[in-house]
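Listed here are the chains, written in short residue letters.
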Amino acid sequence: MEDYTLSLPSYSIGENVYQKIGEICTPYGTKAVAIGGEKAINAAKDKILAAVKDTKIEIVDFVYYGGEASYENVEMLTHNKAVQAADMIFAIGGGKALDTAKALGETIGKVVFAFPTIASTCAGTTSVSIMYYPDGRFKKPFFLKKPPVHTFIDLFIIAHAPTKYMWAGMGDTIAKHYESTVSSRGDELKHYHAMGVTLSRMCVEPIYKYGPAAMEANKTGMINQSLEETVLAIIVTTGICSIFLTMEGIIDYNTGLAHGVFYALTSYPNIEKNHLHGEVVGYGVLILLLVDEQLEEFRRAFEFAKAVKLPIKLADLEISADELSSIVPKVLQMKDIDKNPYVITEEMLYEAFKILEEYK
């Protein structure tokens, strides 16, 4: 047995959690550079500045991350004077902004604190950054030594963000359970992998129970139990599962067919332009459950998707069923399906897509 160290996320959640910035961040330095998306910075900037006003922390600058989670943008940011002058990085925004800032921190050896402004992915608590080519095509995961030092989850900001992000986040979150339980089936799991697979049930049950009501709350900017439970499932639970599941720096148990479908579809420009990661992954979950012949869970996932209007047909993703001859081979090329209890064949995929297209 080899020695190992596993670092789990530390987080604060509520409406006034930025008030804890001084207390939590000061031990790591006095100068912070805030990096994120333009809309995210606009949403969080005033609250962050107000929170650090009477502390020893100075925000050196607010810097746009570049628009894509790419190594090119990480390289660009390493030359930014504010980044060079800072002791720590405040990562602000959604998945791609957070992943860019996390990769930057790992590259230049500076600590990262996360400030997710939307509940779309678990990027705020994970120890992996999903990296893309500059044109938006998936490239590869970048594994970090540990997750952000602390994650500040401001429910007021998230509740007032566009509902589409939480909507897509739910699709991505339920995938964690189905993918990890399928990919680990039949294996004798190490403790951390078993922890991740077992905990993954908390990625699906709260979403089915609270998700629809959380979306309604999000539409009106309301903060209630449904919203909080859904945000925690998307940002925290899924992030912790990912850390357990990727302990060895591999994706075997942390991904699967649902993500294979997503990454295959990123070759269509309209996916990157008009659709969100979790939205498409949610569609991939339906394909996974059909291929795996989990018909009861398929019906459950389908009815949920239908209720919250996640995609259930290729047309919902602006793709014609005539494209299947191109889509299926792309899915089979994805490394996400390498770790599966059985070989996924073209016939299985064609049949699953066909059933889903006809299912009502």
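Up top you'll find the structure we're talking about.
All values reported here derive from a predicted model rather than from experimental measurement.

Novice: It is not clear to me how the overall build of the protein chain should be interpreted in this structure. Could you clarify?
Specialist: Helices and strands together make up the secondary structure of the protein chain, namely 16 helices and eight strands. Scaling as 2.2 N^0.38, a compact globule of 360 residues should have a C-alpha radius of gyration of about 21 Å, and the protein chain matches this with 20 Å. Considering only C-alpha atoms, the protein chain reaches an extent of 60 × 50 × 35 Å along its principal axes. By the burial criterion, 57% of the 360 residues in the protein chain qualify as buried.

Novice: What is the right way to read the state of the cysteines from this model?
Specialist: In protein structure, a disulfide is the covalent linkage between the sulfur atoms of two cysteines. Enumeration according to the criterion identifies zero disulfides in this entry. In this structure Cys203 is not part of a disulfide, and its nearest cysteine sulfur, from Cys241, lies 3.8 Å away. On the accessibility criterion, Cys203 (0% relative accessible area) is buried.

Novice: Is there a simple way to explain the side chain of Thr100 in this structure?
Specialist: Considering the arrangement of structural elements, one finds Thr100 in helix H5 (residues 95-108). You can call Thr100 buried: its relative accessible area is 0%. Separated by 2.7 Å, the side chain of Thr100 and the backbone oxygen of Lys96 make a polar contact. With near-sequence residues (within four places) excluded, Thr100 lies in contact with Tyr65, Glu68, Ala69, Ser70, Asn73, Val74 and Leu77.

Novice: In this structure, what is going on with empty space enclosed by the protein? I would like to understand it.
Specialist: Summary: where empty space remains is shown by rolling a probe the size of a single water molecule over the atoms. Taken as a whole and assessed by the stated rule, the structure comprises three cavities of 30 Å³ or more. Each pocket or cavity is described by its volume, and for the largest cavity that value is around 50 Å³. The element that contributes the greatest number of residues to the lining of the largest cavity is helix H7 (residues 163-183), accounting for three residues. Tallied by class, the residues present in the lining of the largest cavity amount to four nonpolar, four polar and two charged.

Novice: How do you make sense of the pattern of salt bridges when you look at a structure like this?
Specialist: For side chains bearing opposite charge, pairing can occur when the charged atoms are close. What the rule picks out here adds up to 14 salt bridges. Asp154 is paired through a salt bridge with Lys47; the nearest N and O atoms lie 2.6 Å apart. Here Lys47 lies in helix H2 (residues 38-52) and Asp154 lies in strand E8 (residues 150-154), a separation of 107 residues in the sequence. The shortest N-O distance in the salt bridge between Asp99 and Lys102 comes to 3.1 Å. Of this pair, Asp99 and Lys102 both sit in helix H5, three residues apart, roughly one helical turn. One network of salt bridges, in which partners are shared, links Arg201, Glu205, Glu297 and Arg300.

Novice: Even after reading the chapter, I still don't get the packing of helix H3 (residues 71-78) against H5, so can you show me in this structure?
Specialist: The axes of two packed helices give the description: the angle between them and the distance between them. For the pair H3 and H5, interaxial distance at closest approach is 9 Å and the crossing angle is 60°. The angle between H3 and H5 places the two elements in the oblique class. With respect to the hand of their crossing, H3 and H5 are arranged in right-handed fashion. When H3 is examined against H5, the residues Asn73, Val74, Leu77 and Thr78 are found in contact with a partner set consisting of Thr100, Ala103, Leu104, Thr107 and Ile108. Looking at the contact of H3 with H5 residue by residue, the classes come out as five nonpolar, four polar and no charged.

Novice: Could you clarify how one ought to interpret the pairing of strand E5 (residues 111-116) in this entry?
Specialist: The side chains of a regular strand alternate between the sheet's two faces. Judged by how many residues are buried, E5 sits mostly within the fold: five of six residues are covered. Inspection of the sheet shows strand E4 (residues 88-93) paired to E5 by six bridges, in the parallel sense. By the bridge assignment, Ala91 is partnered in E5 with Ala114. Following the chain from E4 across H5 to the adjacent parallel E5, one finds a crossover that is right-handed. Pairing analysis gives two bridges linking E5 to E8, with the strands arranged parallel. Counted as the bridge partner of Ala114 is Thr151 from E8.

Rules used in this analysis
- Residues numbered from 1 in each chain as written.
- Predicted model: local features only at pLDDT ≥ 70, side-chain atom pairs only at ≥ 80, totals over all residues.
- Heavy atoms only, no water.
- Helix = DSSP H or I, 4+ residues; strand = E, 2+ residues; numbered from the N terminus.
- Rg over C-alpha atoms; globule rule 2.2 N^0.38 Å.
- Buried < 20%, exposed > 50% of the residue type's maximum accessible area, 1.4 Å probe, protein only.
- Disulfide = S-S within 2.5 Å.
- Polar contact = N/O pair within 3.5 Å; in protein donor to acceptor, adjacent residues only side chain to side chain.
- Contact = heavy atoms within 4.5 Å.
- 1 Å grid on protein atoms, 1.4 Å probe; cavity = no way out; pocket = protein on both sides within 12 Å on 5 of 7 lines; lining within 4 Å.
- Points joined across faces, edges and corners; volume = space filled by probe spheres on them.
- Nonpolar A, V, L, I, M, F, W, Y, C, P; charged D, E, K, R; others polar.
- Salt bridge = Lys/Arg side-chain N within 4 Å of Asp/Glu carboxyl O.
- Axes fitted to C-alpha atoms, helices over the stretch in contact; angles between N-to-C directions.
- Parallel < 35°, antiparallel > 145°, perpendicular 65-115°, else oblique.
- Left-handed = near helix turned anticlockwise from the far one by under 90°.
- Pairing = 2+ DSSP bridges.
- Right-handed = clockwise from strand over helix to strand, strands pointing away.

By themselves, these are just geometric observations and shouldn't be taken as functional.
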